[in-house]
Amino acid sequence: MATAAKVIKCKAAVAWEPNKPLVIEEIEVAPPQANEIRIKIVATAVCHTDLHQLLENTHEDCFPTVLGHEAAGIVESVGPGVTEYKPGDKVIPLFIAQCRECRFCKSPRTNQCDKAWGKKVLQFSGTSTFSEYTVVDQMAVAKIDPAAPLDKVCLIGCGICTGYGAAVNTAKVEPGSTCAVFGLGAVGLAAVMGCKAAGAKRIIAVDINPEKAEKAKVFGATDFVNPKDHSKPISQVLSEMTDGGVDFSLECVGSVAVMRSALESCVKGWGVSVIVGWTDLEDFSARPLQLIAGRTWKGSVFGGFKGRDDVPGMVKAYMDKKLKVDEFITHNMTLDQVNDAIELMKHGKCIRTVLNVSPQ
Ligand code: NAD
Ligand code: ZN
């Protein structure tokens, strides 16, 4: 490759300070060091976690940064010691690495690798995909089917695995069960899809935006409830609909109030509620009796998937038409339009906007 071992000057969307539009500018991407891979990003989508980072994370030492973590690309060059990947491989960068050596990687119970989060100061989640090129550690890359369309499977890099896995791996939704999914962005819709794949009989989709109802049916929701249509608390509405509460609930909003509602919507005795939405600003609260009565409250990152092992399989499931991906994409734009994509998400006008960064 003509560019190997050289600094690449390329375009990226830089976040200079909290809550300000990103600025498209030229950045320099260093050649990959030992165990690193430089990736040409082909497509990247905007996830709500990027917005949290921009709007909630006001620590000055988090800026400037390049956001973006839901992407797919092609290996441009590799650093010394990289044997599993070569230039030309199609890959999905992972915001949760998998070193395969730490205590957590060795346990089948979690995907939370000790080296999970990127260490580079300017990198967000160790990926920084709102850029034409990025450098990541080889622990944080999944090699995928060379035939996979990167402008679609980029969504498998976060939202789809996060929601789907939260239902299948974390909640362990059972056949014949009743589920409720709060929040119908890509993460929640993927959770609906996961509940359906696990054999749930009834899937109640909950969102304050009535425009999400149609989309939820596409992924398998049987009912749609808008909390704003009711004067009673949503947990009471769901309890009345289900003879005492749902078996499984998934919070895909990122609100401590909704987390509590999701827990309280579960049936006593065995109900399981999973927190998927992202926030770190406030404490949450609940009455102890909720748990004493036999409910379980748990959380999930990246759907519990171990990225290098499991992401290629999710891409295969899409290629085999066993997993929906195209249905999440409501808009296609270029990297220059990243601020428009962020505005769409802020106002609930999209499910996912894919930014086409480089030709495949
Ligand atoms: P999104 O903005 O596309 O969707 C959020 C949805 O929640 C919207 O449809 C909105 O109308 C709805 N909502 C807002 N308030 C609500 C309420 N009170 N009750 C019901 N619905 C409500 O976001 P997304 O990209 O789908 O992400 C969802 C959440 O998941 C975010 O918090 C994101 O940061 C988080 N996330 C977590 C992980 C993880 O690994 N745990 C990974 C990715 C994203
Ligand atoms: Zn994400």
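To start, this report covers the structure provided alongside it.

Calculation notes
- Residues numbered from 1 in each chain as written.
- Chains lettered and ligands numbered in written order.
- Predicted model: local features only at pLDDT ≥ 70, side-chain atom pairs only at ≥ 80, totals over all residues.
- Heavy atoms only, no water.
- Helix = DSSP H or I, 4+ residues; strand = E, 2+ residues; numbered from the N terminus.
- Expected span 1.5 Å × (residues − 1).
- Buried < 20%, exposed > 50% of the residue type's maximum accessible area, 1.4 Å probe, protein only.
- Contact = heavy atoms within 4.5 Å.
- Donors = N, O, S within 2.8 Å, 3.2 Å for Na, K, Ca; no water.
- Core = buried A, V, L, I, M, F, W, Y, C linked by side-chain atoms within 4.5 Å.
- Salt bridge = Lys/Arg side-chain N within 4 Å of Asp/Glu carboxyl O.
- Near = heavy atom within 4 Å.
- Polar contact = N/O pair within 3.5 Å; in protein donor to acceptor, adjacent residues only side chain to side chain.
- Areas by Shrake-Rupley, 256 points an atom, 1.4 Å probe, with all protein chains shown as cover.
- Nonpolar A, V, L, I, M, F, W, Y, C, P; charged D, E, K, R; others polar.

## Some remarks on helix α10 (residues 307-319)
Part 1 of the reasoning: Spanning 13 residues, α10 covers 18 Å between terminal C-alpha atoms, matching the ideal 18 Å at 1.5 Å per step.
Part 2 of the reasoning: Those residues of α10 that fall on the buried side of the exposure criterion are Gly307, Arg308, Val311, Met314, Val315, Ala317 and Tyr318.
Part 3 of the reasoning: Structurally, α10 contributes buried residues whose contacts are with β5 (90-93), β7 (141-143), α3 (150-153) and α4 (159-171).
Part 4 of the reasoning: Where α10 ends, the next residue or the one after it, Lys321, has phi of about 65°, a positive value.

## Concerning the coordination of the zinc ion (ligand 2)
Part 1 of the reasoning: Protein coordination at the zinc ion (ligand 2) comes from Cys47 (SG), His69 (NE2) and Cys158 (SG), with a distance range of 1.9 to 2.3 Å.
Part 2 of the reasoning: Sequence spacing among the residues donating to the zinc ion (ligand 2) works out to C-x21-H-x88-C. Here Cys47, found in the loop between β3 (36-45) and α1 (48-55), pairs with His69, found in the loop between α1 and β4 (70-78); they are 22 residues apart in sequence, far enough to count as distant. Of the two residues, Cys47 and His69, both sit in the buried class.

## Structural notes on the nonpolar core
Part 1 of the reasoning: Residues Val153, Ile156, Val311, Leu323 and Phe328 are the most contacted members of the largest nonpolar core, which totals 72 residues.
Part 2 of the reasoning: Here this core gets 8 residues from one element, more than from any other, and that element is helix α5 (residues 186-197).
Part 3 of the reasoning: Ignoring anything within four residues of it in the chain, the contact list for Ile156 reads Ile92, Cys161, Phe302, Val311, Met314, Val315, Tyr318, Leu323 and Val325.
Part 4 of the reasoning: Core analysis: the next-biggest nonpolar cluster, separate from the first, contains 32 residues, Ala15, Leu51, Leu54 and Val82 among them.

## What about the pattern of salt bridges?
Part 1 of the reasoning: Counting across every chain of the model gives 17 salt bridges.
Part 2 of the reasoning: Through salt bridges with shared partners, a single ionic network connects Glu84, Arg100, Arg308 and Asp309.

## Considering the site of ligand 1
Part 1 of the reasoning: The environment of ligand 1 is made up of 28 residues, and the closest members are His48, Thr49, Asp207, Val276 and Phe302.
Part 2 of the reasoning: Note that an oxygen atom of ligand 1 is positioned 3.1 Å from one of the side-chain N or O atoms of His52.
Part 3 of the reasoning: Surface burial for ligand 1 is 89%, taken as the share of its 870 Å² of free accessible area covered by protein chains.
Part 4 of the reasoning: If you tally residues by element for the shell around ligand 1, the top one is α1, at 3 residues.
Part 5 of the reasoning: Each residue belonging to the shell around ligand 1 can be placed in one class, and the counts come to 15 nonpolar, 10 polar and 3 charged.

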